[in-house]
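# A closer look at the structure
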Amino acid sequence: MQLSLIKHQGCVTPFLRHLLDFRVFQTRQRSQYCNIACTVIRHRWMKRAPVFCTHNTTNKMISTQADKESIDMSKFPVERIRNFSIIAHVDHGKSTLADRLLELTGAITTTDKNKQVLDKLQVERERGITVKAQTASLFYKYQGQTYLLNLIDTPGHVDFSYEVSRSISACQGVLLIVDANQGIQAQTVANFYLAFEAQLTIIPVINKIDLKNADPERVEKQIEKVFDIPTEECIRISAKLGTNVEQVLQEVVKRLPPGVVANIALFGGYLSKGDRIISAYLGKSYEVNELGLLRPDEHPTDRLYAGQVGYVIAGMKEVKEAQIGDTLYHQKHLVEALPGFKPAKAMVFAGMYPTDQSDYSALRSALEKLTLNDSSVTVQRDSSLALGAGWRLGFLGLLHMEVFNQRLEQEYNASVIVTAPTVPYKAILSSAKLIKEHGKEEITIVNPAQFPDRSVVKEYLEPMVMGTIITPDDYIGKIMSICLNRRAIQKNMVYIDDHRVMMKYLFPLNEIVVDFYDLLKSMSSGYASFDYEDAGYQVAHVIKMDILLNGKPVEELTTIVHKDRAYSAGKAMCERLQDAIPRQMFEIAVQAAIGSKVIARETIKAYKKNVLAKCYGGDITRKMKLLKKQAEGKKKMRYIGTVQVPKDAFINVLKRKDK
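In this numbering scheme, every chain counts its residues from 1 along its sequence in written order. At least 70 in pLDDT is required for a residue's local features to be given in this predicted model, at least 80 for side-chain atom pairs to be given and counted, and no such filter applies to totals for whole chains, interfaces and linings, which use all residues. Water and hydrogen atoms play no part in the side-chain values, which are based on all heavy atoms of the structure.

### Overview of the overall build of the chain
Basically, it comes down to this: Where helices and strands are cited, they refer to DSSP runs of H or I of at least four residues and of E of at least two residues respectively, numbered from the N terminus. Contact definition: two residues touch when any of their heavy atoms are within 4.5 Å. For the area figures, the Shrake-Rupley method with a 1.4 Å probe applies, and any residue is considered shielded solely by the protein chains shown.
Scanning the chain for helices and strands turns up 16 helices and 33 strands. Sequence-distant contacts in the chain: of pairs separated by 6 or more residues, those separated by 24 or more amount to 71%. Entry remark: accessible area of the chain is about 29,200 Å², with carbon and sulfur atoms responsible for 49%.

### Describing empty space enclosed by the protein
To be explicit about the condition: Put simply, the grid is 1 Å and covers the protein atoms alone, a cavity is a trapped set of points that fit a 1.4 Å probe, a pocket is an open set with protein on both sides within 12 Å along at least five of seven lines, and lining residues have an atom within 4 Å of a point. Grid points are joined across faces, edges and corners, and a volume is the space filled by probe spheres set on the points.
In this structure the tally under the stated criterion is three cavities of 30 Å³ or more. Computed from the structure, the largest cavity encloses a volume of approximately 100 Å³. Along its surface, the largest cavity is lined by 14 residues, and Arg392, Thr419, Asn447, Glu555 and Glu556 are the ones closest to its centre. For the lining of the largest cavity, the elements supplying multiple residues, two or more each, are strand S19 (348-354) and strand S20 (378-384).

### As for the sheet that holds strand S21 (residues 388-395)
Put simply, the rule reads: Paired strands, in this sense, are two strands between which DSSP finds at least two bridges. The convention used is that axes are lines fitted to C-alpha atoms, helices contributing only their stretch in contact, and that angles between N-to-C directions extend from 0 to 180 degrees.
The strand order S20-S21-S19-S22 describes an open sheet built from four strands, whose pairing is antiparallel. Whereas interior strands pair on both sides, the edge strands pair on one side only; in this sheet they are S20 and strand S22 (416-418). Shown here is a sheet whose adjacent strand axes are inclined to one another by a mean of 30°, direction ignored. Note that S19 and S22 share three bridges and pair antiparallel.

### Here we look at the packing of aromatic side chains
Using the following cut-off: Between rings of Phe, Tyr and Trp, where Trp is taken as its six-membered ring, a pair exists when centres lie within 6.5 Å; planes separated by under 30 degrees are stacked, by over 60 edge-to-face, and by other angles tilted. Exposure is judged per residue with a 1.4 Å probe applied to protein chains only, and the accessible area is read against the type maximum: over 50% gives exposed, under 20% gives buried, and values in between give partly exposed. Sitting over a ring, as applied to charges here, requires NZ of Lys or CZ of Arg to be within 6 Å of the ring centre and within 35 degrees of the ring normal.
This model, assessed by the stated rule, comprises 14 aromatic pairs. Pairing Tyr140 with Tyr142 gives two aromatic rings, centres 6.4 Å apart and planes at 15°, and the pair type is stacked. Residues Tyr140 and Tyr142 agree in their burial class; the two are buried. Relative to Tyr532, the ring of Phe530 has its centre 5.9 Å away and its plane inclined at 35°; by these criteria the two rings are tilted. For the pair Phe530 and Tyr532, a shared accessibility class is recorded, and that class is buried. Through a chain of ring-to-ring contacts, the aromatic side chains of Tyr505, Phe507, Phe516, Phe530 and Tyr532 assemble into a single cluster. Here Lys426 stacks its cationic end above the ring of Tyr537, 4.4 Å away from the centre of that ring.

### Focus: the pattern of salt bridges
Worth spelling out the cut-off: Salt bridges are identified by distance alone: a Lys or Arg side-chain nitrogen within 4 Å of an Asp or Glu carboxyl oxygen.
Using the criterion set out here, one finds 16 salt bridges in the structure. Measuring nitrogen to oxygen at the nearest pair gives 3.7 Å for the salt bridge that ties Arg218 to Asp497. A residue pair is termed long-range when its members are at least 10 positions apart, and Arg218 in helix H6 (residues 216-227) and Asp497 in the loop between strand S26 (489-495) and strand S27 (500-508) qualify at 279 residues. In this structure Arg218 comes out as partly exposed when scored by relative accessible area, which is 23%. Across the pair Glu511 and Arg487 runs a salt bridge, and its minimum N-O distance is 3.0 Å. Here Glu511, found in helix H12 (residues 509-512), pairs with Arg487, found in the loop between helix H11 (476-485) and S26; they are 24 residues apart in sequence, far enough to count as distant. A relative accessible area of 5% places Glu511 in the buried class. Connected via shared salt-bridge partners are Glu462, Arg487, Glu511 and Arg565.

### What about the packing of H11 against helix H13 (residues 516-523)?
Rules: Any angle from 65 to 115 degrees is called roughly perpendicular, while one under 35 is roughly parallel, one over 145 is roughly antiparallel, and all others are oblique. By convention the crossing between two helices is left-handed if the near helix lies anticlockwise of the far one by an angle smaller than a right angle, and right-handed if it lies clockwise.
At a closest axis distance of 10 Å, the pairing of H11 and H13 adopts a crossing angle of 160°. With respect to their mutual orientation, H11 and H13 come out roughly antiparallel. Judged by the sense of rotation from one axis to the other, the crossing of H11 with H13 is right-handed. Here H11 contributes Lys478, Ile479, Ile482 and Cys483 to the contact with H13, which in turn contributes Phe516, Leu519, Leu520 and Met523.

### As for the nonpolar core
Stated precisely, the cut-off is as follows: Definition used in this section: a nonpolar core is a set of buried Ala, Val, Leu, Ile, Met, Phe, Trp, Tyr and Cys residues joined via side-chain atoms within 4.5 Å.
Formed by 36 residues in total, the largest nonpolar core has its most connected members in Ile469, Phe507 and Phe516. Listing elements by their share of this core, those giving two or more residues are strand S23 (425-429), strand S24 (442-445), strand S25 (457-472), H11, S27, H12, H13 and strand S28 (529-540). Ignoring sequence-local partners within four residues, the contact set of Ile469 consists of Ile479, Cys483, Val501, Met502, Met503, Tyr505, Phe507, Phe516, Leu520, Ser529 and Phe530. Counting residues in each nonpolar core, the second largest holds 29 residues, with Ile108, Ile203, Ile235 and Leu249 among its members.

### Points about the environment of Asp356
As for its placement among the helices and strands, Asp356 is situated in the loop between S19 and helix H8 (360-373). On a C-alpha basis, the gap between Asp356 and Val416 in space is 8.3 Å, while along the polypeptide they are 60 residues apart.

### Observations concerning helix H2 (residues 94-104)
In terms of residue burial, H2 counts as a mostly covered element, since nine of its 11 residues are buried. Turning to H2, its buried residues number three or more, namely Lys94, Ser95, Leu97, Ala98, Asp99, Arg100, Leu101, Leu102 and Glu103. Residues of H2 that are buried make contact with strand S6 (81-88), strand S7 (134-142), strand S8 (145-153), strand S9 (173-179) and helix H7 (245-255).

### A look at a nonpolar patch on the surface
Put simply, the test is: The patch calculation keeps residues exceeding 30% relative accessible area without a salt bridge and links them within 9 Å when they carry like charges or within 5 Å when they are nonpolar (Val, Leu, Ile, Met, Phe, Trp, Tyr).
A cluster of nonpolar side chains, namely Ile620, Met624 and Leu627, defines an oily patch on the protein surface of about 280 Å² accessible area. Relative to the helices and strands, Met624 is located in helix H15 (residues 620-640).

### Structural notes on the pairing of S27
Counting buried positions along S27 gives eight out of nine residues, so the element sits mostly inside the fold. Bridging between S25 and S27 involves nine bridges; their strand directions are antiparallel. Among the inter-strand pairings, Thr471 is bridged to a residue of S27, identified as Val501. The loop that links S26 with its antiparallel partner S27 comprises four residues.

### Details of the pairing of S19
Taking burial as the measure, the seven residues of S19 include seven buried ones, the bulk of the element. Neither face of S19 is exposed, since Val348, Ala350, Met352 and Pro354 on one face and Phe349, Gly351 and Tyr353 on the opposite face are all buried.

### Examining the sheet that holds S7
Whenever strands of a sheet pair, they do so through backbone hydrogen bonds, lying parallel or antiparallel. In spatial order, the strands read S7-S8-S6-S9-S10-S11; together these six strands make up an open sheet with mixed pairing. In the strand order of this sheet, the two ends are held by S7 and strand S11 (235-236), each with one partner. In this sheet, S8 lies alongside S7 in antiparallel orientation, the contact comprising nine bridges. Residue pairing across strands places Tyr140 opposite Tyr147, the latter belonging to S8. Sitting on the sheet, H7 touches S6, S7, S8, S9, strand S10 (201-207) and S11, and the angle it makes with S7 is about 85°.

What follows is the structure, encoded as structure tokens:
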């Protein structure tokens, strides 16, 4: 018997002093005829969300009485098990379809209150998006046979595509949802190729056919042209009204292959309570204390058989013992470790500090707990002269960063300062001393304050991404203009129907990470969609730009800019800081500098008291004396005064207003 966990990319510090139990989803087994795999783990006591889950759901939901009775899992051989995922562009109806599937199979009671049932986080319900992939096991009767369907609902936004890739790795097929009104969007294309490269069976589902402007025929032609899937294979549904949803379940049973292929031989073919399992990564052994199914809440069973998705509780004393991507196997049967999932790659880095340093310990505890829930976040300790002790966090994108920050505030009542987001650069060192110090010639820089000087570097490298934009052809000119303004290189442009165009551009990541998506939506009246994927690194002429307040550098506002845009970027940042920083009793000089050279400056005027108000006539020398005394006081105040930068300024100063 072998269990597969998902790879974990990030730094998670052990913080619990007592025993931790983890629920492990997905067993990988091999019977006489086929190989099987099921995945993930979740902390036993986290009732609001999963920990390291490819697909998960842990909240208590309404269940039927039959669900509460004992389930004999031996009745579900591999031939009657289907593992599938729901993928789509954001807001195309994935969660709504999942609600209907749960109702049809009796997993939850049918009610008007069933909206985003699998979306448990407060931030998910407020924003109307899915952040964490969620799973549920469904029992469905078809042609006299009862099938076990393992459903995974996935996020749709580009920042959370890692959740999609993890889910796809545990499936044999996907439901590709496309809005009957909006048609194919950028994330639709990206998700299709994730499933296509994984060689999964793809079932196209056209949703929202009940809308007034729905045009399913046009969308079917788009799917056939872009994905080469025949129009007759598309299923037209309305998840909101439940129209044709039953057909979706039937097609899942008919089209999807049973089980998952693994590459190991198993002895027995099932996992039972009390079995001893060993971690291939750590070499430690654990006893299986409990195992069961998700319906979609936890339902204990005596055994898990080949191909069945469920959870396993094994005593693990520290978080670091639960390595996502690890392989667990029976104590008496040594096997080679299974290949894990593709690790998450941080694309955006930002500093995070407590608003009050006395809250450092509480924030550290909150971060440790939340990173259990979100394994794609990387954490490194950091410190700042202005903000004190904190952390440098890596995120999948700007929305991911905002959601993480919002969850900290909502779930842990934490008040934090987040610095301006940056991307990871690389530098090829020329200094023998630095090469010896770092142990290698090429280094990665995630903090702009640590950007090495040009004199010790052969060349700098910046991260590139291949961006896909799908838009109505009315906005082609405007979109080409903003792409050119962001140093993008056009690679391809093709019409997917009579009025919609798909364009591909090679972007520097730094040019799109902050506000490009918002600008694109604004330029296209909300009709354009955008998605990107990693395209490696490229040589770039970039430099470090410091921001000075009264001659003192503000490390948190240090940025990396392209050499040709340094002056315009510096001037724009100074102007925005001038608006963001409140006036003081003394004058504040806001400067942008490259090395020792100041390239831009703005001045925040001081509040000024009218010291001549009580002078009614009299000698002019008395008035001059009062004004001189006031000027000396202002000068002294400027040297000893401190400038407080509002927390909102750290992101706002990087917002660009392209024309």
